[in-house]
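Structure at a glance
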Amino acid sequence: MNAASGRPGESSSATRRWVLWGALVVLVAALLVTLVWLAGRYEAGRLQDRIERDAVEVVADIRGGMTRNVQSLQALPRFDPQHSDPWTLRAGALLRARREMLRIELRDARMQLQAAVDSDLRAAVFDAPQREQLASEVEAACQQARSARGPIYATSPFRVAVNGQRQQLLELCLPLGGAGETYLVVTYALGEILNEMVAEPFARAYDVAFSDLDGTRVAFHGVTRSGNRTFSAQIGLDLPGYALVLRLDSWRGTPALFPNFLTAMVVAMAIGLVVVLVFLGRDMRRRLRAEHELAEALAFRKAMEDSLVTGLRARDLDGRTTYVNPAFCQMVGFSAQELIQAGTAVPYWPAEQYDEYQERLQSRLQGRQPPREGFESVFVRKDGSRFPVLIIEAPLINAQGTQTGWMTAFLDISEQRRIEEMSRASRERLQATARLATIGEMASLLSHELNQPLAAIASYANGSINMLHNALPAAASPRGGDAAVLPPEETRLVEEGLHHIADQAQRAGKIIKSVHDFVRRRERLREVVPVRDLFDAILPLIELQARKVGVRCHVRAPHDLPSLLCDRTMVEQVLLNLARNAMQAMDQVSHAQRQLVLQARRAPSSERTAHAQGWLELSVTDTGTGIPPEVSEKLFTPFFTTKDEGMGLGLSLCRTVVEQHGGFLAYGPNQPQGMVFRFTLPLAPVSAAAAADPGVAGEAAGAAALATP
Ligand code: ADP
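Now for a description of the structure that goes with this document. (Residues numbered from 1 in each chain as written. Predicted model: local features only at pLDDT ≥ 70, side-chain atom pairs only at ≥ 80, totals over all residues. Heavy atoms only, no water.)

Here we look at the layout of surface pockets
There is about 650 Å³ of room inside the second largest pocket. Mapped by element, the contributors of at least two residues to the lining of the second largest pocket are α12 (488-520), β15 (525-529), α13 (531-549) and α14 (568-585). A total of nine residues in the lining of the second largest pocket trace back to one element, the largest contributor, which is α12. The class makeup of the residues in the lining of the second largest pocket is five nonpolar, five polar and 12 charged. (1 Å grid on protein atoms, 1.4 Å probe; cavity = no way out; pocket = protein on both sides within 12 Å on 5 of 7 lines; lining within 4 Å. Points joined across faces, edges and corners; volume = space filled by probe spheres on them. Helix = DSSP H or I, 4+ residues; strand = E, 2+ residues; numbered from the N terminus. Nonpolar A, V, L, I, M, F, W, Y, C, P; charged D, E, K, R; others polar.)

Some points on unusual backbone geometry
A cis amide bond, omega 0°, links glutamine 671 with the succeeding residue proline 672. Along the chain, proline 672 falls in the loop between β20 (665-669) and β21 (675-682). For phenylalanine 639, which is not glycine, the phi dihedral falls at a positive 70°.

Description of the pattern of salt bridges
Evaluation of the coordinates by the stated rule reveals 30 salt bridges. The residue lysine 302 makes a salt bridge to aspartate 306 at a minimum N-O spacing of 3.0 Å. Within this pair, lysine 302 and its partner aspartate 306 are both found in helix α7 (residues 261-307), separated by four residues, close to a single helical turn. Using a relative accessible area of 47% as the deciding quantity, one classes lysine 302 as partly exposed. Taking relative accessible area as the criterion, aspartate 306 reaches 34% and is therefore assigned partly exposed. Sharing partners across several salt bridges, the network here consists of Arg103, Glu105, Arg107 and Asp118. (Salt bridge = Lys/Arg side-chain N within 4 Å of Asp/Glu carboxyl O. Buried < 20%, exposed > 50% of the residue type's maximum accessible area, 1.4 Å probe, protein only.)

Notes on empty space enclosed by the protein
Where empty space is left can be seen by rolling a probe of water-molecule size over the atoms. This model, assessed by the stated rule, comprises two cavities of 30 Å³ or more. Here the largest cavity is characterised by a volume of approximately 110 Å³. As for the largest cavity, its lining consists of Arg313, Arg315, Trp349, Tyr357, Arg360, Leu361, Arg364, Phe375, Phe379, Ile391, Glu393 and Phe410. Residue assignment for the lining of the largest cavity shows that the elements contributing at least two residues are β10 (311-316), α10 (354-365), β12 (375-380) and β13 (386-397). Of the pockets and cavities examined, the second largest cavity occupies roughly 40 Å³. Surrounding the second largest cavity, Arg313, Thr321, Val324, Phe328, Leu339, Ala342, Ala345, Val346, Pro347 and Tyr348 form its lining. When its residues are assigned to classes, the lining of the second largest cavity shows eight nonpolar, one polar and one charged.

A short note on the sheet that holds strand β18 (residues 595-602)
Think of a sheet as strands paired side by side through backbone hydrogen bonds, with each pair either parallel or antiparallel. Taken in spatial order, the five strands make up an open sheet running β16-β18-β19-β21-β20, and their pairing is mixed. Pairing within the sheet leaves two strands with one partner each, and these edge strands are β16 (552-556) and β20. Taken over all neighbouring pairs, the strand axes of this sheet differ in orientation by 15° on average, direction set aside. Two elements, β20 and β21, share five bridges in a ladder whose sense is antiparallel. By the bridge assignment for β21, alanine 666 is matched with arginine 678. Where α13 meets the sheet, its contacts fall on β16, β18 and β19 (615-622), and the angle it forms with β18 comes to roughly 170°. (Pairing = 2+ DSSP bridges. Axes fitted to C-alpha atoms, helices over the stretch in contact; angles between N-to-C directions. Contact = heavy atoms within 4.5 Å.)

Some words on the site of the ligand
In the vicinity of the ligand, 19 residues are found, and the nearest of them are Asn581, Asp622, Thr641, Thr642 and Lys643. Within the contact set of the ligand, an oxygen atom lies 2.5 Å away from a side-chain nitrogen or oxygen of threonine 641. Between an oxygen atom of the ligand and a main-chain N or O atom of leucine 651, the distance comes to 3.0 Å. Of all the elements in the fold, those that place two or more residues in the shell around the ligand are α14, α16 (650-660) and β21. Examining the composition of the shell around the ligand, we find that three residues originate from one element, α14, more than from any other. (Near = heavy atom within 4 Å. Polar contact = N/O pair within 3.5 Å; in protein donor to acceptor, adjacent residues only side chain to side chain.)

Below, the structure written as structure tokens:
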């Protein structure tokens, strides 16, 4: 799919552009055609006007000529029948001068011919009989002339050959005043009127013709030319008694391309316009191409900015945000519109650091350069969460080389921080593991080394007891006499103390063995232990410490509780550990409030049903200061401690022991104060428990130890 077809908006705008261009071209063409046509029309009108003016002039010339002729005729001398020469000579001269006149007659009142002169330039127009046929028209004309007392013209039906052309004749009857009524009858040839009276320039430019009122051409002057007749003008020539129409025709040979300057100008301008249009079109194409390339470049830049994970922000020199990219919006949770509309206020600055950031902005606006490698800061998202960012700022320089603001890139470095934190934690874990390994080594060594002295302590204690036993009868015998070493009551107490020493030495031996096994990850012995036995074993030790710190200690373990299947020594250690922690936690509270509760109960059946026999829950509750959240986070981390002399291994060890039994260790706040630590341990199978119960199976108690994987 190409880019054009991919964008419907673009193709529709291209169509619109083409339509506009088409409309422009059509309009310009229409304008040009109209201009040329109007120029032609104007030119034609001008020529028509001229021909009409010329026609008027020609008619005026002819009328003037005729009037002049009438005056010349009136100026002829009076005719004297006895002495006719002067009249005849003058009339002959007049005929020579005015060649349109063919003949002058003088007639009396009865229309009798008295004298006649023919033009000696031409053959005589009439022979006598011909002339007499004309008499009636002439007579009618003369009668009109008599009543009008002026010249009257009349046409004659005759056509005679004059200058090789058959010509229509025109008669003029001019009454002459005086005593005896006479008339001058003058014969004109219409063709000759045109020949003689039309001025040279008109005669050259036009075909000139006379026609009757009914349109019949009666005389013509000019050359018959080829081509189309283009302009003509007709104008009436009213002679007294006779009306004619004068017609002027102008001819044009081949149609001229540029009939005149105006049309030429219009055409030249039209060509100029078309050329300009072509250049404009080319320019437009170039612009379109540039526009297209620019749009592509912009789209590319936008795609680049949108795909960046780096946040970008531009600020003007007043500190107003003018641009942000989508990555930045995503980072801070505000939309671009919100950020730009906020102006100089910055919604993603933490409130408590606003002043510090504002100072930083001011120093930037005053032109102080930021560090090239960037600096770290903290921003607040719209949802209120904070995150660390790396900020790199640079001046924004425009094409003219002047600074218009600041461009800033932001990198969200929370992930980086998280990774750093993780690697630090794992480093710490590694160190802890290394320390644990060392402790393991030490524990093995100690267990090995301490076994000997502990065994020695036990046997010395036992030896001392035996010696005490042996000594007592001797002291009591009469032979022994005088001095019993100790009174019997003290002796009993010493014996008891020695028993305790032997027991504890043995216990220490067992602990060391258990720890040794634990560290070596040997298979441990699981035995069936009644819960109360567990409590009984540790209570003396707990009470010893409880007395010291003033804690009241309670044990809540119903007698009917089933037995457990566990590593007795380690579970005792767990209980001891939790109890010790609990007592230490009550350091800060008043003596009256210090209470320690050891409790055992059946775990609700929903919990840890994986074990068919069910579970027992043991808990250690104190009324101490509780555990703050920051301690709670690291509670089970090895070596984490809040105590000066603490090791920080107790709880993690407890959890490991419990989990090795398949149980789980949990803790929570105690009401109204302190903490509860509870853990579950598996119950012994009924058969094994019965076998181990001394009340039921008597002797088998010690043999019930079971090995578990
Ligand atoms: P140690 O006792 O050596 O400090 P532990 O792993 O047993 O190591 O305990 C870790 C920390 O847990 C203690 O330092 C103490 O701050 C806290 N802690 C454990 N038990 C309690 C308790 N019952 N009440 C308050 N804090 C406790």
